[in-house]
Amino acid sequence: MTDALTVHEAAATTGWSARMLRYLERVGLVVPPRTQGGYRVYGAAELQRLRTLRELLATHAIALSDVAFAKRLRDDAQLSDSIAAWLEARPSKPVAVPTADWLAFEQEKCRRLLAAAAAA
């Protein structure tokens, strides 16, 4: 492949770091082909994707993680459905919880969730 750049050459050409190029591949945003030896090679198509990705970020004032999440959302139907359901859901008091206790009930659930996350 003579019309291709190594990851370091592509990084120097595009302004993305080699580490960032590897991240972009890992999240599936720009996936360069590989040589038989397993080296990433960047051709015109990959350089165009990198350029237009930078333009997308600047035009919409978004972060790279936003685009990576949008791709994940598009690729994972279960995640997409779960988020859509959460966005549409309206808070509702559990039937077994008296109205006067609803705030305390939710606070306790939050405390337990935070404690579980801290322990993990």
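Our structure is the block above this text.
Reading the values: the criteria
- Residues numbered from 1 in each chain as written.
- Predicted model: local features only at pLDDT ≥ 70, side-chain atom pairs only at ≥ 80, totals over all residues.
- Heavy atoms only, no water.
- Helix = DSSP H or I, 4+ residues; strand = E, 2+ residues; numbered from the N terminus.
- Rg over C-alpha atoms; globule rule 2.2 N^0.38 Å.
- Buried < 20%, exposed > 50% of the residue type's maximum accessible area, 1.4 Å probe, protein only.
- Contact = heavy atoms within 4.5 Å.
- Lys, Arg positive; Asp, Glu negative; His and termini not counted.
- Charge placed at Lys NZ, Arg CZ, Asp CG, Glu CD.
- 1 Å grid on protein atoms, 1.4 Å probe; cavity = no way out; pocket = protein on both sides within 12 Å on 5 of 7 lines; lining within 4 Å.
- Points joined across faces, edges and corners; volume = space filled by probe spheres on them.
- Nonpolar A, V, L, I, M, F, W, Y, C, P; charged D, E, K, R; others polar.
- Phe/Tyr/Trp six-rings, centres within 6.5 Å; stacked < 30°, edge-to-face > 60°.
- Lys NZ or Arg CZ within 6 Å of the ring centre and 35° of its normal.
- Core = buried A, V, L, I, M, F, W, Y, C linked by side-chain atoms within 4.5 Å.
- Salt bridge = Lys/Arg side-chain N within 4 Å of Asp/Glu carboxyl O.

J.: I keep staring at the overall build of the protein and nothing clicks. Help me out?
T.: Along the protein, the regular secondary structure elements total six helices and zero strands. Counting helices and strands in the order they occur from the N terminus, the protein gives α-α-α-α-α-α. Against the 2.2 N^0.38 benchmark of 14 Å for 120 residues, the protein shows a C-alpha radius of gyration of 22 Å, more extended than a compact globule. Over its C-alpha atoms, taken along the principal directions, the protein stretches across nearly 70 × 30 × 25 Å. Taking all 120 residues of the protein together, the buried fraction comes to 22%. Nonlocal contacts in the protein, meaning residues at least 24 apart in sequence, comprise 42% of its contacts between residues at least 6 apart. Positive and negative side-chain charges in the protein, numbering 16 and 13 respectively, have mean positions lying 4 Å apart.

J.: Got a minute to help me understand the layout of surface pockets in this structure?
T.: Empty space among the atoms can be located by rolling a probe the size of a water molecule over them. Its boundaries defined by the atoms lining it, the largest pocket holds a volume of some 200 Å³. Lining the largest pocket, in full, are G28, L29, V30, R49, T52, L53, L56, V67, K71 and R74. Of all the secondary-structure elements, those providing two or more residues to the lining of the largest pocket are α3 (44–60) and α4 (64–75). It is α3 that contributes the most residues to the lining of the largest pocket, four residues altogether. Class assignment of the residues belonging to the lining of the largest pocket gives a composition of five nonpolar, two polar and three charged.

J.: It is not clear to me how the packing of aromatic side chains should be interpreted in this structure. Could you clarify?
T.: When we look at a pair of aromatic rings, we describe it by the centre distance and by the angle of the planes. The tally for this structure, following the rule as stated, stands at zero aromatic pairs. The ring centre of W16 lies 4.2 Å from the NZ or CZ of R54, which sits over that ring.

J.: I'm lost on the side chain of T14 in this one. Help?
T.: One can find T14 in helix α1 (residues 7–14). Not counting the four nearest positions on each side in its chain, T14 is found in contact with L47, L50 and R54.

J.: Quick question: what am I supposed to make of the nonpolar core here?
T.: Nonpolar side chains in soluble globular proteins tend to end up buried together. Judged by nonpolar contacts, the single largest core of 16 residues is most densely connected at W16, L21, L24, L50, L53 and L64. Only α1, α2 (18–26), α3 and α4 provide two or more residues apiece to this core. Other than its neighbours up to four places away in sequence, L21 contacts V7, A10, A11, W16, Y42 and L50.

J.: So what exactly am I meant to see when it comes to the pattern of salt bridges here?
T.: Proximity of charged atoms lets side chains of opposite charge pair with each other. Within this structure, the stated rule accounts for seven salt bridges. We note a salt bridge from D75 to R74, for which the minimum N-O separation is 3.5 Å. For D75, a relative accessible area of 46% gives the class partly exposed. A salt bridge links R112 to E108, with the shortest nitrogen-to-oxygen separation between them at 3.9 Å. Taken together, the residues span about one helical turn, with R112 and E108 both in helix α6 (residues 102–119) at a distance of four residues. Among the residues examined, R112 registers a relative accessible area of 48% and is labelled partly exposed. Here the residues in one salt-bridge network are E25, R34 and R40, joined through shared partners.

These results come straight from atomic positions and should not be treated as a statement about function.
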